[in-house]
There are 2 protein chains.
Amino acid sequence: MREGLTVAEAQDHILEATPVMGAETLAASEAGGRVLAESIVSQRRHPPADCSAMDGYAVRREDLSSASPDAPCTLPVVFEVPAGGHAPRALGSGETARIFTGAPLPPGADAVVMQEDTDQGAAQVEIRVAPARRAHVRDAGEDFDLGDTLIEAGAVLGAPHLGVLASVGRTIVSVHQRPRVAILSGGDELVEPDRPVDGGRIVSSNSYTLAAQCREIGADPIYLGIAEDTPNAIEARMRAGLGADVLVSSAGVSVGDHDHVRSVLEKIGCRLQFWGVKMKPGFPLAFGVIEKTGQLVFGLPGNPVSTAVTFEEFVRPALRKLMGHRAVHRPTLRATITDRYKKKRGRLHFVRVTLERTAEGVLAHPVSNQSSGVLTSLIRGQGLAVIPLESEGVEAGTVLDVQVLDTTFFDGVDRGF
Amino acid sequence: MREGLTVAEAQDHILEATPVMGAETLAASEAGGRVLAESIVSQRRHPPADCSAMDGYAVRREDLSSASPDAPCTLPVVFEVPAGGHAPRALGSGETARIFTGAPLPPGADAVVMQEDTDQGAAQVEIRVAPARRAHVRDAGEDFDLGDTLIEAGAVLGAPHLGVLASVGRTIVSVHQRPRVAILSGGDELVEPDRPVDGGRIVSSNSYTLAAQCREIGADPIYLGIAEDTPNAIEARMRAGLGADVLVSSAGVSVGDHDHVRSVLEKIGCRLQFWGVKMKPGFPLAFGVIEKTGQLVFGLPGNPVSTAVTFEEFVRPALRKLMGHRAVHRPTLRATITDRYKKKRGRLHFVRVTLERTAEGVLAHPVSNQSSGVLTSLIRGQGLAVIPLESEGVEAGTVLDVQVLDTTFFDGVDRGF
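Reading guide: rules and limits
- Residues numbered from 1 in each chain as written.
- Chains lettered and ligands numbered in written order.
- Predicted model: local features only at pLDDT ≥ 70, side-chain atom pairs only at ≥ 80, totals over all residues.
- Helix = DSSP H or I, 4+ residues; strand = E, 2+ residues; numbered from the N terminus.
- Rg over C-alpha atoms; globule rule 2.2 N^0.38 Å.
- Buried ≥ 20, exposed ≤ 12 C-beta atoms within 10 Å, placed from the backbone.
- Contact = placed C-beta atoms within 7 Å.
- Axes fitted to C-alpha atoms, helices over the stretch in contact; angles between N-to-C directions.
- Parallel < 35°, antiparallel > 145°, perpendicular 65-115°, else oblique.
- Left-handed = near helix turned anticlockwise from the far one by under 90°.
- Nonpolar A, V, L, I, M, F, W, Y, C, P; charged D, E, K, R; others polar.
- Pairing = 2+ DSSP bridges.
- Domains from an automatic or database assignment.
- Arc of directions from axis to C-beta.
- Least-squares fit on C-alpha atoms with pLDDT ≥ 70 in both.
- Core = buried A, V, L, I, M, F, W, Y, C linked by C-beta atoms within 7 Å.
- pLDDT = per-residue confidence, 0-100.

Asker: Provide a residue-level description of the overall build of chain A, including the pertinent values.
Answerer: Each helix and strand counted, chain A has 7 helices and 28 strands in total. For 417 residues, the compact-globule formula gives about 22 Å, and the C-alpha radius of gyration of chain A, at 31 Å, lies well above that figure. The principal-axis extents of the C-alpha atoms in chain A amount to approximately 95 × 50 × 40 Å. Within the span of chain A, comprising 417 residues, buried residues form 50% of the whole. Taking the contacts inside chain A whose residues are at least 6 apart along the sequence as the reference set, 70% of them involve residues at least 24 apart.

In structure tokens form, the structure reads like this:
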């Protein structure tokens, strides 16, 4: 087992050990945000035939070559083609047909005149323009044709994808499965949030943060509860999570006497692959794989900020890869840090910052309390400024990479144009 | 009723007519992404007492003023304070206590020595450092104190918020309700996606795009099905949607003979507030309010891209306001358009573009087919470049505002630092 990896080494190691999950077949209406596990090839042509793009009149251009607002042409309206209907016969020379948006063009017609360019007559119509070739005509197959690949496997299904799926009659699709993530907290001091906190007990908030982090990306948390700090109790709870795809425990991987997690992990068949990542917050991170099943196991540190940040950096990318995403990481942007930040060499620091857009770019204000125990600092921290491993810190005004955790930062308060 | 508003006028008009919905009380585990309708004031102090931030030894600093790696001090270990436990008595002069992360500091102690700075002895311990005042001690109330406002009303509940809610024992919270959005399609040519499409019939894909657009932001779509193109059929289906918070119909507000929606809307008590927005795609947009109930009514154009874009520009901000969001708009960024785009004055154009990040900034490539009938162009179009109302178009190389529709554009393919 390796110890003391860099953040990049640890991420690479974890992502290499993480597979992409298999497919499941799902109602398209439930598939928003999921990653497509098949390519969608059209079995249809759309539009199915040449059709009108407007409400107006189907015409033969040769009949209207001289038409203009000053010298309109008057033609008989010989039939009507409603949307969803079809022409009873071909359009003859000198004839027009009333036509509506989406209706198929009658044989013989080669353009549509929109009704705004006519007197909208019923038995006959006065036309004030000489239409261009195929004016207001949508070609058969303009949107897609038989055999066209409409959506590639690996696409994240957004609303337009779901519209296209409907338009080719696909109401059932194959998408990558969502991982079930078993979450365990350990510690004799912990209680569930609805229980009394007298006698120095504190709420097992990490499990609730972790479950929310899972749900946020569409993974399915299974909360295993709080294990007492004994090997038997931890083992029993961990075994309850062995059916999941990922097992995440918080607390219990530090160097403390009361930390039995590592020995239990070995006992349940987990091959620990590394322990410890050179970062702050969050050094004591363990990663392993259950040898028989391939289940991923993450032992996260117990301080609330360390737990949340190590989930962000290591568990979240793995979960996103499991779900079939190619872009597994958080957005990053360049921002100017507004305060001096000092550190020792040897660990990469993730500094919680609030973000402010200005005309000169984004400012990153470090939140005042960077203690890894202060979960409320993560609410205020919209992002994590990255201070590299071998840096001894940065002066105010330095431009840094900032990982954006709070995606509402991108939302527009104003319309923006 | 006003006609032919600008996009900005129409958005402002709609947002002014849109209320914020009332609150509902919900399990915190279900509240991710929702907007908090109450401020969360702490009824607890956290940490509840001064406590250790490390596994180590609680000490009195005066006993260790001379300790160093070369001249360690040895002190007796008189008791142990486990996490969740408490000290049996105060620490006397010349004494230490074994202490674990999160455990309360014994009275009399004023610092913690981390175990890495000791020989980790059991009955007595050799200590190799002179600790700073309150070293490795977390102060009572460091994270939050009684009466602190931890989360302001209006916050969008992310994972850290849900962790904080748990830590103060709040398992039930008050959030703004999600709007129910009744969706109606109209047109004799339309069929549901699981039905045959012979005879020029096409799938009612707009309803499925709209339902997905609703779900994407957490609104609750109710699909009313396809209305035949008769006033009675439209009225019957619309009445079925009057219990919802918002009614959205697609198709049926153009100028066509077959469009009965406007008269039906008036019949069911809808006061139409405006019709037509100077934009492309999507001019024929109608907006009104059911007078008795305040239900918002949107009549969207029927071409698939027009439907989706008018939802984006007008319905989505209204739904987000209903849900309590302050940032109701899509993200926008500045990008360089890579092709010439010509237009007439008098309408604002939303040009579908793919986005490419480069060292010189973001490039916006217009998708090849800008026809409003081509839904597949919205899959390829990650954003909408804004070409202003009075512009006659732009040359390649012009920097424009681009609204980002595909938020996966922000996701990191690389770790980004």
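Asker: How would you summarise the packing of helix α1 (residues 7–17) of chain A against helix α6 (residues 304–322) of chain A if you had to cite specific residues and measurements?
Answerer: Residue and element names in this part refer to chain A. Their axes nearest at 10 Å, the elements α1 and α6 cross at an angle of 30°. Here α1 is positioned roughly parallel relative to α6, judged by the angle of their axes. Of the two elements, α1 crosses α6, and the hand of that crossing is right-handed. The residues of α6 that touch α1, namely those facing Val7, Ala10, Gln11, Ile14 and Leu15, are Glu313, Phe314, Pro317, Ala318 and Lys321. In the contact of α1 with α6, the residues fall into 7 nonpolar, 1 polar and 2 charged.

Asker: For the sheet that holds strand β6 (residues 73–81) of chain A, give the residues involved together with the corresponding values.
Answerer: Residues and elements named next belong to chain A. Here we have 5 strands laid out as an open sheet, ordered β8-β5-β7-β6-β9, and mixed in their pairing. Where the open sheet ends on each side, the last strands, each with one partner, are β8 (111–114) and β9 (124–127). On average, adjacent strands in this sheet sit at an angle of 40° to one another, irrespective of strand direction. Relative to β9, β6 runs antiparallel, the two being bridged by 4 bridges. Along β9, the bridge assignment pairs leucine 75 with valine 125.

Asker: So what about the domain arrangement of chain A? Which residues, and what values?
Answerer: For chain A, the assigned domains are domain 1 (2–21 + 179–322), domain 2 (24–46 + 156–176), domain 3 (51–138) and domain 4 (332–410). Of note, the centres of domain 2 of chain A and domain 4 of chain A, computed from C-alpha atoms alone, are 39 Å apart.

Asker: Please give an account of the sheet that holds strand β13 (residues 180–186) of chain B that cites residues and values.
Answerer: Residue and element names in this part refer to chain B. Read from one edge of the open sheet, 7 strands run β1-β18-β20-β21-β17-β13-β16, paired in mixed fashion. With one partner strand each, in any of the chains shown, β1 (2–5) and β16 (220–227) form the two edges of the open sheet. Between one strand and the next, the sheet's axes are offset by a mean angle of 20°, whatever the strand orientation. Relative to strand β17 (residues 246–250), β13 is paired through 5 bridges, and the arrangement is parallel. Of the residues in β17, the one forming a bridge with serine 185 is serine 250.

Asker: Outline unusual backbone geometry, listing residues and values.
Answerer: Peptide bonds are, in most cases, trans, and in most cases residues other than glycine have a negative phi. Looking along the chain, the bond that leaves histidine 46 of chain A and enters proline 47 of chain A is cis, with omega of -5°. In this structure, proline 47 of chain A sits in the loop between β3 (40–41) and β4 (51–52). Look at the link from lysine 280 of chain B to proline 281 of chain B: it is a cis peptide, with omega at 0°. Inspection of the secondary structure puts proline 281 of chain B in the loop between β19 (279–280) and β20 (286–290). Backbone geometry places glutamine 120 of chain A, a non-glycine residue, at a positive phi of 55°. Along the polypeptide, glutamine 120 of chain A turns up in the loop between β8 and β9. The exposure class assigned to glutamine 120 of chain A is partly exposed, which follows from the 15 C-beta atoms found within 10 Å. Even without being glycine, histidine 136 of chain B reaches a positive phi, approximately 55°. Looking at where histidine 136 of chain B falls in the secondary structure, it is placed in the loop between β9 (124–127) and β10 (137–138). Residue class for histidine 136 of chain B comes out buried when judged on the 22 C-beta atoms lying within 10 Å of it.

Asker: How would you explain the pairing of strand β7 (residues 96–99) of chain B if you had to name every residue and give the values?
Answerer: All names here are of chain B. Covered by surrounding structure in β7 are Thr96 and Arg98 together with Ala97 and Ile99, the residues of both alternating faces. Looking at chain direction, strand β5 (residues 56–59) and β7 are connected through 3 bridges and run antiparallel. Bridging from a neighbouring strand, tyrosine 57 pairs with arginine 98 of β7. Taken together, the 4 bridges between strand β6 (residues 73–81) and β7 define a ladder with parallel strand orientation. Among the inter-strand pairings, valine 81 is bridged to a residue of β7, identified as isoleucine 99.

Asker: Tell me about the interface of chain A and chain B, and please be specific about residues and values.
Answerer: Every contact between the two is made by 88 residues of chain A and, on the other side, 88 residues of chain B. Classifying every residue of the side of chain A that touches chain B gives 37 nonpolar, 33 polar and 18 charged.

Asker: Summarise helix α4 (residues 231–240) of chain B; cite the residues concerned and give the values.
Answerer: Residues and elements named next belong to chain B. Looking only at α4, the buried set comprises Ile234, Arg237 and Met238. Summarising the axial view, the buried residues of α4 lie within an arc of 100°, below the 170-degree limit, and thus occupy one face. The inward-facing, buried residues of α4 abut β13, β16, β17 and α5 (261–267).

Asker: Got a sec to walk through the relation of the copies chain A and chain B? Specific residues and values, please.
Answerer: Under the fitted operation, chain A is carried onto chain B by 0.0 Å of movement along the axis and a turn of 180°, and the coordinates agree to an RMSD of 0.1 Å. Seen this way, the second copy is the image of the first under a two-fold rotation axis. A symmetric contact is evident, with 100% of the interface residues of chain A recurring at the interface of chain B.

Asker: Which residues make up the nonpolar core, and what are the values?
Answerer: Counting residues in each nonpolar core, the largest one holds 178 residues, and the members touching the most others are Ala385 of chain A together with Ala385 of chain B. With near-sequence residues (within four places) excluded, alanine 385 of chain B lies in contact with Ile337, Val351, Val353, Ala364, Leu400 and Val402 of chain B.

Asker: So what's going on with the pairing of strand β20 (residues 286–290) of chain A? Which residues, and what values?
Answerer: Residues and elements named next belong to chain A. Relative to β20, strand β18 (residues 270–277) is paired through 5 bridges, and the arrangement is antiparallel. Paired with phenylalanine 274 across the two strands is phenylalanine 287, which belongs to β20. Where β20 lies against strand β21 (residues 296–300), 4 bridges are found, and the strand directions are antiparallel. If you follow glycine 288 over to β21, its bridge partner there is valine 297.

Asker: If you had to explain the environment of serine 250 of chain A to someone new, which residues and values would you point to?
Answerer: Residue and element names in this part refer to chain A. Turning to its location among the elements, serine 250 is positioned in strand β17 (residues 246–250). Residues serine 250 and leucine 184, spaced 66 residues apart in sequence, show a C-alpha to C-alpha distance of 6.5 Å. When near neighbours in sequence (up to four residues on either side) are disregarded, serine 250 contacts Ser185, Asn206, Leu210, Leu300, Gly302 and Thr307.

Asker: Describe the environment of valine 413 of chain A, naming the residues involved and giving the relevant values.
Answerer: For valine 413 of chain A, the position within the fold is in the segment after β28 (399–404). Under the C-beta neighbour-count criterion, valine 413 of chain A is labelled exposed, with 11 such atoms within 10 Å. In this structure the C-alpha to C-alpha distance between valine 413 of chain A and leucine 319 of chain A, which are 94 residues apart in sequence, comes to 31 Å. Setting aside chain neighbours within four positions, we find valine 413 of chain A in contact with Arg326 and Ala327 of chain B.

Asker: Summarise the environment of alanine 28 of chain A; cite the residues concerned and give the values.
Answerer: All names here are of chain A. Along the chain, the position of alanine 28 falls in the loop between β2 (23–27) and β3. When the C-alpha positions of alanine 28 and valine 173 are compared, they lie 5.8 Å apart, and in sequence the two are 145 residues distant. Setting aside residues no more than four positions away along its own chain, alanine 28 makes contact with Leu162, Leu165, Ala166, Arg170, Thr171, Ile172 and Val173.

Asker: Quick one: what's the story with the packing of helix α3 (residues 205–216) of chain B against helix α6 (residues 304–322) of chain B, residue by residue and with numbers?
Answerer: Residues and elements named next belong to chain B. At a closest axis distance of 10 Å, the pairing of α3 and α6 adopts a crossing angle of 30°. When the interaxial angle is binned, α3 and α6 end up roughly parallel. Here α3 and α6 pass one another in a crossing that is right-handed. On α6, the residues that touch Ser205, Asn206, Thr209, Leu210 and Gln213 of α3 are Pro304, Thr307, Ala308, Phe311 and Arg316.

Asker: Give a description of the confidence of the model for chain A that names residues and reports values.
Answerer: Scored by pLDDT, chain A has a mean of 93; 98% of the residues are at 70 or more. ipTM for the predicted complex: 0.92, alongside a pTM of 0.93.

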